[in-house]
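Read off the chains here:
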Amino acid sequence: MKDIFIDSIIKYINNNEMISSGEGVIVGVSGGADSVALLRVLLQLKKSFEEKGEGLSLKVIHVNHMIRGDEADRDERFVIELCASADIPYKVYHEDIPLLAKKLHMTEEEAGRHFRYKVFENEAETLEKEIQKRVRIAVAHNKDDLAETVLYNMIRGSSLFGLSGIRPVRGRIIRPLLMTRRSEIEGFLKELEQSFITDSTNMLTEYSRNKIRLSVMPELNGINDRAVDHIVDVALDSLRLRDDISAEITDAGCILCEEGKSVIYISEFKGLGQIAQGECILKALENVCGRRKDISREHIEAVRRLIDLETGKSVDLIYRMRARRSYNEIIICKDEKTSGKSSYIEEASIEEAFMDGMDTFPGVLETEVLDYDEGLEISKKEYTKMIDYDKIKTALVLRTPKQDDYIVINGDGGRKKLSRFFSHSKIEQSERTGFPVVADGDEIVWVVGLRLSEAYKVTPDTKRVMVLRYIKR
């Protein structure tokens, strides 16, 4: 049985051209079942190469995230002993991930991943110079991980191509176990009598991915025991479609990606189908910020709507990006006014905010982004408000109310439907449909002239503020 398992993984490696003899592989090993199984397979692959008079350079990297105390130290000892018993070179990194997360303004999960892949890349470059051959980075995502990622992306509101989940090969990174079920991996290790470590945080349902793994997936498997396989089939279809769409975008010549800047050519862009247009915008944003994570439909649609506005209109986006309409182009880049670290208040130009249905409004919204310090006086004017710029989740839009709108009314995150807020504020029904609100998706940031959301208010931890000015025409 174990030979069948190993042969199937090696076949998947060969079919996806992941590893060739004489090359090198950096293996991320946490001590969990998946990474231990991955290492055991790669050791067998190395042995088979050596039997042919060839070779494979392996090096294990383990990262102690300094989160779980004694348990993390236990994991480290396990990996060291595993590598020693297999006579495989290894290196252990220690990083205070909670501290790094604060510095980078990320979650601990994001910061841990950021640090791991940075280390993997550095080690791969070093090994590549040493052996003068291509070096890959092997990580242990499996088929269940892929299915869970597809569901997670769907829930977060990703594009159609978010359903493709995880690629088997991306740059240096390879995932040899991607088409292997978790149950198969654990069965393989059991047959080998190979121990592994279980991370206690995998059982904490406070993490979204764990909720999917522990609560959602068992329910789906109860409906159909091949639920994971069917979800992965959709992911593979999405991946193939994504490749086809990418080719369409390239052929159309509708996008120019430079360092820190993307340009979308509107005439060529309009010739694309709607799905291809969304992917084009996503590529443009990814080029500027270096990632797709957290870029949602809201951001894509905010950029798409600029096409119907006049030149000079712009919209602020996630990761300090700004998209601007300039004649026959949409230009996306970092907002230079907000990227500096100076502690003084910079003079900032005033931009007219993006507005949905702007021609129907009796006024306009102007925005101004400033660095914040304690000496900055927070405006109490009826039509001028200040918010914490970094709390914006998607893009601010000046519009009229929608059915699902809500506003946060207290510091504990308590919400109130906007319709109820209007009732309590004694706003007549006839006035509500055209009432100006500043929205961040379905969340109301400011009911103009009435109430500012508690969720966006300036606090002592605020780094930058956005000044909102509603000016009547």
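Described below are features of the structure shown in this document.

### Looking at the nonpolar core
Piece 1. In this structure, Ile-19, Val-25, Val-27, Leu-42, Leu-45, Leu-58 and Val-60 are the most contacted members of the largest nonpolar core, which totals 51 residues.
Piece 2. No other element matches helix 2 (residues 33-51), which puts 10 residues into this core.
Piece 3. Residues in contact with Leu-42, not counting those within four places in the same chain, are Ile-13, Ile-19, Val-25, Val-27, Leu-56, Leu-58 and Ala-138.
Piece 4. In terms of nonpolar packing, the next biggest core, distinct from the first, is built from 31 residues, Val-288, Cys-289, Val-303 and Leu-306 among them.

### Notes on the pattern of salt bridges
Pairs may arise between side chains of opposite charge once their charged atoms sit close together.
Piece 1. Taken as a whole and judged by the stated rule, the model has 30 salt bridges.
Piece 2. Notably, a salt bridge pairs Glu-286 with Arg-170, separated by 3.0 Å at the nearest N-O pair. With Glu-286 in helix 11 (residues 274-289) and Arg-170 in strand 5 (residues 169-170), this pair connects stretches of sequence that are 116 residues apart.
Piece 3. Judged by relative accessible area, Arg-170 falls into the partly exposed class, the value being 48%.
Piece 4. Where Asp-237 meets Arg-240, a salt bridge forms, and the shortest distance between an N and an O atom there is 2.9 Å. Taken together, the residues span about one helical turn, with Asp-237 and Arg-240 both in helix 9 (residues 227-252) at a distance of 3 residues.
Piece 5. The exposure class assigned to Asp-237 is partly exposed, which follows from its relative accessible area of 48%.
Piece 6. A single salt-bridge network, built from bridges that share partners, covers Arg-68, Glu-71, Arg-74, Asp-75 and Asp-199.

### Considerations on the side chain of Ser-453
Piece 1. Here Ser-453 shows up in the loop between strand 20 (451-452) and strand 21 (464-472).
Piece 2. Leaving out residues up to four positions away in the same chain, Ser-453 has contacts with Ile-407, Val-408, Glu-443, Ile-444 and Val-445.

### Considering the pairing of strand 7 (residues 255-258)
Piece 1. The pairing of strand 7 with strand 8 (residues 261-265) spans 4 bridges and is antiparallel. Opposite Ile-255, over in strand 8, you have Ile-264 as the bridge partner.
Piece 2. Taken together, strand 7 and the strand that follows it, strand 8, pair antiparallel across an intervening segment of 2 residues, in which Gly-260 is found at a positive phi of about 75°.

### Observations regarding the environment of Gly-187
Piece 1. Along the chain, Gly-187 turns up in helix 7 (residues 182-192).
Piece 2. Relative accessible area serves as the criterion here: at 36%, Gly-187 is assigned to the partly exposed category.
Piece 3. C-alpha of Gly-187 to C-alpha of Phe-5: the two residues are 182 residues apart in sequence and 9.5 Å apart in space.

### Description of the packing of helix 11 against helix 12 (residues 297-306)
Piece 1. Where helix 11 contacts helix 12, the axes come no closer than 10 Å and their chain directions differ by 100°. It follows that helix 11 is roughly perpendicular to helix 12 by the angle criterion. For the pair helix 11 and helix 12, the contacting residues are Gln-274, Gln-277, Gly-278, Ile-281, Leu-282 and Leu-285 in the first and His-299, Ile-300, Val-303 and Arg-304 in the second.
Piece 2. A class-by-class count of the residues in the contact of helix 11 with helix 12 yields 5 nonpolar, 4 polar and 1 charged.

The rules behind each value
- Residues numbered from 1 in each chain as written.
- Predicted model: local features only at pLDDT ≥ 70, side-chain atom pairs only at ≥ 80, totals over all residues.
- Heavy atoms only, no water.
- Core = buried A, V, L, I, M, F, W, Y, C linked by side-chain atoms within 4.5 Å.
- Buried < 20%, exposed > 50% of the residue type's maximum accessible area, 1.4 Å probe, protein only.
- Helix = DSSP H or I, 4+ residues; strand = E, 2+ residues; numbered from the N terminus.
- Contact = heavy atoms within 4.5 Å.
- Salt bridge = Lys/Arg side-chain N within 4 Å of Asp/Glu carboxyl O.
- Pairing = 2+ DSSP bridges.
- Axes fitted to C-alpha atoms, helices over the stretch in contact; angles between N-to-C directions.
- Parallel < 35°, antiparallel > 145°, perpendicular 65-115°, else oblique.
- Nonpolar A, V, L, I, M, F, W, Y, C, P; charged D, E, K, R; others polar.

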